[in-house]
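One letter stands for each residue in the lines below.
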Amino acid sequence: MAAKNLYFVGTAGCGKSTLTNAFQTWLNNQGYDAITLNLDPGADSLLYAPDVDVRDWIKLDEVMRDYGLGPNGAQIAAADLLALNIKEISQVIAGYDTDYVLIDTPGQLELFTFRQSSLVVIDELGRESSMIAFLFDPSLAKTPNGFVSSLMLAATVHFRLPIPMLSLLSKVDVLSQKERDLVKGWSEDYYALFSSLLDENVDAQTQVSVEFLQALETVGAGRTVIPVSSDTGEGLEDIYSLAQQIFEGGEDIERPSRD
Ligand SMILES: Nc1nc2c(ncn2[C@@H]2O[C@H](COP(=O)(O)OP(=O)(O)OP(=O)(O)O)[C@@H](O)[C@H]2O)c(=O)[nH]1
Ligand SMILES: [Mg+2]
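Figured I'd write up the structure that's included with this text.

About the criteria used
Residues numbered from 1 in each chain as written. Chains lettered and ligands numbered in written order. Predicted model: local features only at pLDDT ≥ 70, side-chain atom pairs only at ≥ 80, totals over all residues. Heavy atoms only, no water. Helix = DSSP H or I, 4+ residues; strand = E, 2+ residues; numbered from the N terminus. Expected span 1.5 Å × (residues − 1). Buried < 20%, exposed > 50% of the residue type's maximum accessible area, 1.4 Å probe, protein only. Contact = heavy atoms within 4.5 Å. Salt bridge = Lys/Arg side-chain N within 4 Å of Asp/Glu carboxyl O. Pairing = 2+ DSSP bridges. Bend = angle between axes of the 7 residues up to and from the residue. Near = heavy atom within 4 Å. Polar contact = N/O pair within 3.5 Å; in protein donor to acceptor, adjacent residues only side chain to side chain. Areas by Shrake-Rupley, 256 points an atom, 1.4 Å probe, with all protein chains shown as cover. Nonpolar A, V, L, I, M, F, W, Y, C, P; charged D, E, K, R; others polar. Axes fitted to C-alpha atoms, helices over the stretch in contact; angles between N-to-C directions. Parallel < 35°, antiparallel > 145°, perpendicular 65-115°, else oblique.

Attention now moves to helix α1 (residues 16–29). Taking 1.5 Å of rise per residue, 14 residues should cover 20 Å, and α1 covers 20 Å from first to last C-alpha, within 8% of that figure. For α1, the set of buried residues is Lys16, Leu19, Thr20, Ala22, Phe23, Gln24, Trp26 and Leu27. The inward-facing, buried residues of α1 contact β1 (4–10), β2 (34–38), β4 (100–104), β5 (130–136), β6 (165–169) and α12 (236–248).

Set out below in structure tokens:
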């Protein structure tokens, strides 16, 4: 059976790489096979060793040199070069014969979201068995305005990349219980969110409406966000069970015997 591809996507520094690594460790500890794939050609130093690394094919500093580009232009060129190399990368992944491929995407969200090459990558690795885990950065999501902004980003990602999506509240260990409860409440109830927006900013009504918030749901945003922490391990099991539900209609994949 094709491996399940889980793309970790989110704004710069929201915890994608750390979670990719933490979730692999968690899956392995549960007896599942999972490999990690780094898709960021510009990653300077990763705190984990990815099993498959786009930097073995494309390195940002070389793209800058070879094409005479600055860092941003090189990122775009590298994203496009990825599409040319993905067949080969896919063959390497196939050699692992694994249950899960955990994919760490570039820090610049727009690179993965807006470049056509991402769709080529998703198709080549198997669109039918692919899903996005969108990370909400807690420092942004903890205010009503920041939460709506995160929701719009999530909706944009889902609109561009039409595969199932999970919403995660990343680094939840840095939030107080009160903040966590608020964010969870907003994700489950548009009226609560709208009311908090009004409390925060009396002009909210001129910018967004409850109907606007509800409309975001049609592109996949606005589902309950799952609180997760790579530091404490909270929520990792929830990612697994929700991903399983989406991938297989709730069926658990057979866990290999440990004896
Ligand atoms: N407290 C806490 N810190 C975390 C957690 N996950 C990541 N961090 C920290 O957040 C910072 C950014 O984490 P990364 O995993 O590099 O984030 P990223 O989204 O991969 O970053 P870019 O690839 O640069 O966009 C690091 O200092 C991590 O140690 C978490 O669950 N809890
Ligand atoms: Mg990273």
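There is more to say, and it comes next.
Quick look at the pattern of salt bridges now. Scanning the model with the defined rule gives 7 salt bridges in all. Here Arg180 makes a salt bridge to Glu234, at a shortest N to O gap of 2.7 Å. Linking Arg180 in helix α8 (residues 177–188) with Glu234 in the loop between β7 (226–227) and α12, this pair joins segments that are 54 residues apart in sequence.

Before going further, it helps to examine the pairing of β4. The element β4 is extensively covered by neighbouring structure, given that 5 of its 5 residues are classed as buried. Side-chain alternation along β4 places Tyr100, Leu102 and Asp104 on one buried face and Val101 and Ile103 on a second face that is also buried. Inspection of the sheet shows β1 paired to β4 by 5 bridges, in the parallel sense. Paired with Tyr7 across the bridge in β4 is Ile103. Direction of pairing for β2 relative to β4: parallel, over a ladder of 5 bridges.

As for its position among the elements, Leu198 is in helix α9 (residues 190–200). Of the residues examined, Leu198 reaches a relative accessible area of 30% and is grouped as partly exposed. Taking the C-alpha atoms as reference points, Leu198 and Asn145, 53 residues apart in sequence, are found 9.9 Å from one another.

A few words now on helix α3 (residues 71–94). Along α3, the sharpest kink reaches roughly 55°, centred on Asn85. Looking at α3, one finds that the buried residues are Ala74, Gln75, Ala77, Ala78, Ala79, Leu81, Leu82, Asn85, Ile86, Ile89, Ser90 and Ile93.

Residues other than glycine seldom take positive phi values, yet Asp97 does so here, at roughly 50°. Take Asp97: it is sitting in the loop between α3 and β4. Judged by its relative accessible area of 64%, Asp97 is exposed. In this structure, Lys171 takes a positive phi of about 45° despite not being glycine. Positionally, Lys171 belongs in the loop between β6 and α8. Exposure remark for Lys171: the relative accessible area of 32% places this residue in the partly exposed category.

Here we take up the sheet that holds β4. Pairing within the open sheet is parallel, and its 7 strands lie in the order β3-β2-β4-β1-β5-β6-β7. Looking at strand neighbours, the two that pair on one side only are β3 (52–53) and β7, the edges of this open sheet. In this structure, β6 lies alongside β7, joined through 2 bridges in parallel fashion. Bridging across to β7, Leu168 finds its partner in Ile226.

In this fold, Ser90 is placed in helix α3. By relative accessible area, which is 15% here, Ser90 ends up buried. Not counting residues up to four positions away in its chain, the partners in contact with Ser90 are Glu124 and Leu125.

Attention now goes to the site of ligand 1. Lys16, Ser17, Thr18, Asp173 and Ser230 are the nearest of the 14 residues found near ligand 1. In this structure, Cys14 approaches ligand 1 through a main-chain N or O atom, which is 3.2 Å from an oxygen atom. For ligand 1, a nitrogen atom lies 2.7 Å from a polar atom in the side chain of Asp173. When isolated, ligand 1 has an accessible area of 650 Å², and the protein chains bury 68% of it. Of the residues belonging to the shell around ligand 1, the class tally is 3 nonpolar, 7 polar and 4 charged.

For any two helices packed against each other, one specifies the crossing angle of their axes together with the interaxial distance. Contact geometry of α1 with α12 gives a least axis separation of 10 Å together with a crossing angle of 80°. Classed by the angle they form, the pair α1 and α12 counts as roughly perpendicular. Together, Leu19, Ala22, Phe23, Trp26 and Leu27 of α1 and Leu236, Glu237, Ile239 and Tyr240 of α12 make up the contact between the two elements. For the contact of α1 with α12, the residue count by class is 8 nonpolar, no polar and 1 charged.

From the geometry alone we can't say anything about function, so treat these as descriptive.
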